[in-house]
Amino acid sequence: MEYVSRVPRPPLDELIDDLYYLEGAPPYPRLTLPPMPSAVLILNLGAPLRIRASTDIEAAEYTDGCVVTTPTRAFEFGYPPGTRSVGVHFKPWGLAPFLPMPAAELCDQPVTVEQIWGRPTTAELQDRLATAAGPHEMLTLLEEELMRRLCETAGLGLVRHTSSVIAAATGAVAIGDLSAAAGVSSTHLAQRFKELIGVTPKRLARTYRFAATVLAIDPAGPVDWADLAGRAGYFYQAHFGHEFRTFTGLTPTRYLDRRRRFLREHPSHALDVGPLPAD
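A brief structural summary.

Thresholds applied
- Residues numbered from 1 in each chain as written.
- Predicted model: local features only at pLDDT ≥ 70, side-chain atom pairs only at ≥ 80, totals over all residues.
- Heavy atoms only, no water.
- Pairing = 2+ DSSP bridges.
- Helix = DSSP H or I, 4+ residues; strand = E, 2+ residues; numbered from the N terminus.
- Expected span 1.5 Å × (residues − 1).
- Buried < 20%, exposed > 50% of the residue type's maximum accessible area, 1.4 Å probe, protein only.
- Core = buried A, V, L, I, M, F, W, Y, C linked by side-chain atoms within 4.5 Å.
- Contact = heavy atoms within 4.5 Å.
- Phe/Tyr/Trp six-rings, centres within 6.5 Å; stacked < 30°, edge-to-face > 60°.
- Salt bridge = Lys/Arg side-chain N within 4 Å of Asp/Glu carboxyl O.

Let us look at the sheet that holds strand S6 (residues 60-62). A sheet is described by the order of its strands in space; here five strands give the open sequence S6-S5-S8-S3-S10, paired in antiparallel fashion. The open sheet has two edge strands, S6 and strand S10 (276-277), and neither has a second partner. When strand S5 (residues 49-52) meets S6, the two strands line up antiparallel, connected through three bridges. Within S6, the residue paired with Leu49 across the bridge is Tyr62.

Here's what the structure looks like:
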């Protein structure tokens, strides 16, 4: 699978982790994506994606692509056999300047790109991407479109700064201290977070802590769960296990089994960190 990515130029780099191009055969027909402190926009250039946002609903098809705000639970992605797409990994607050609605309306509810940018804009951009000379030109076209659509967003400075503090502490922060340091009430801060990120500061902090925990796991070696939980700030192993099930639907040991399976069956794959086999 070919994966090409790059960090965009300023000021987009304050909103976006990377722009990427993905093409090839997926490692599995269905992948589980645990929640990470990131939002994503995917412009699909191949057969439809299938996304299942909850275990109690059916998967839905996304022909033109999808937009996902910072999630609170795992999603299941079904990639077509010959997937081809370009996309954006946003920082948690980074999608807000490109949305026509509060991010809270989209929390754990993926929508099509057309629902965000309209059919004419989306179709025109897809056409230009499909006829581009290669991945690097495609990423340049996407970056230019994002620059054109960038707009001022009330409260973004507050949310960006506070989120950066949460990220630097990998979620180990007192939420009350954050609002006091920002000079606003905890209610105001929570409202701004939900408007621009889709989740509260407390939920974002939990996501950062979970992300740091799973990224610290080396699936190739033995895992000392008690030590891992303690270093991540989980004072009780039961709390650690509960968070794992909340974020992934799996126990820590089942999660590790899935990671090891991916590593064993697809060593050095472009998607070997994060996604898991859904079966």
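Let's pick the thread back up.
So, on to the environment of Thr213. Along the polypeptide, Thr213 turns up in helix H7 (residues 201-215). Distance from Thr213 to Pro110, taken between C-alpha atoms, is 25 Å for residues 103 residues apart in sequence.

Attention now moves to H7. Here H7 spans 21 Å end to end across 15 residues, near enough to the 21 Å set by a 1.5 Å rise per residue. Taken across its 15 residues, H7 has eleven buried, putting it largely inside the fold. Along H7, the positions that sit buried rather than exposed are Pro201, Arg203, Leu204, Ala205, Thr207, Tyr208, Arg209, Phe210, Ala211, Thr213 and Val214.

Turning our eyes to something else, we now look at the nonpolar core. Phe90 and Leu146 are the most contacted members of the largest nonpolar core, which totals 46 residues. In terms of residue count, helix H3 (residues 135-149) provides more of this core than any other element does, five residues in total. For Leu146, the residues in contact, after removing those within four places along its chain, are Leu12, Ile16, Leu19, Val88, Phe90, Phe98 and Trp117.

Most of strand S4 (residues 39-44) sits inside the fold, with six of its six residues counted as buried. Alternating positions in S4 separate into two faces, Ala39, Leu41 and Leu43 on one and Val40, Ile42 and Asn44 on the other, with burial throughout. Pairing analysis gives four bridges linking S4 to strand S7 (residues 65-68), with the strands arranged antiparallel. Paired with Leu43 across the two strands is Gly65, which belongs to S7.

We now examine the packing of aromatic side chains. Counted by the stated rule, this structure contains eleven aromatic pairs. With a centroid separation of 6.1 Å and an interplanar angle of 85°, the aromatic rings of Trp225 and Phe244 are classed as edge-to-face. With Trp225 in helix H8 (residues 225-231) and Phe244 in helix H9 (residues 237-248), the pair connects residues that are 19 residues apart, well separated along the chain. A residue is classified by how much of its surface remains accessible, and Phe244, at 1% relative accessible area, is buried.

Cis rather than trans, the peptide bond between Pro10 and Pro11 has omega equal to 0°. Relative to the helices and strands, Pro11 resides in the loop between strand S1 (2-6) and strand S2 (16-24). Its identity as a non-glycine residue notwithstanding, Thr170 has a phi of 45°, on the positive side. On the secondary structure map, Thr170 appears in the loop between helix H4 (156-168) and helix H5 (175-182). When its relative accessible area of 40% is taken as the criterion, Thr170 is described as partly exposed. Phi at Ser268 is positive, roughly 60°, even though this residue is not glycine. Looking at where Ser268 falls in the secondary structure, it is placed in the loop between helix H10 (252-265) and S10.

A complete count under the given rule lists 15 salt bridges for this structure. Linking Arg6 and Glu143 is a salt bridge whose minimum nitrogen-to-oxygen distance equals 2.9 Å. Here Glu143 lies in helix H3 and Arg6 lies in strand S1, a separation of 137 residues in the sequence. Given the relative accessible area of 4%, Glu143 is considered buried. For Arg30, the salt bridge is made with Glu76, and the minimal N-O distance between the two is 2.7 Å. With Arg30 in strand S3 (residues 30-33) and Glu76 in strand S8 (residues 75-78), the pair connects residues that are 46 residues apart, well separated along the chain. Look at Arg30 and you get partly exposed, because its relative accessible area is 30%. Residue Glu76 is classed as buried on the basis of its relative accessible area, which comes to 15%.

In short, geometric facts, not functional conclusions.
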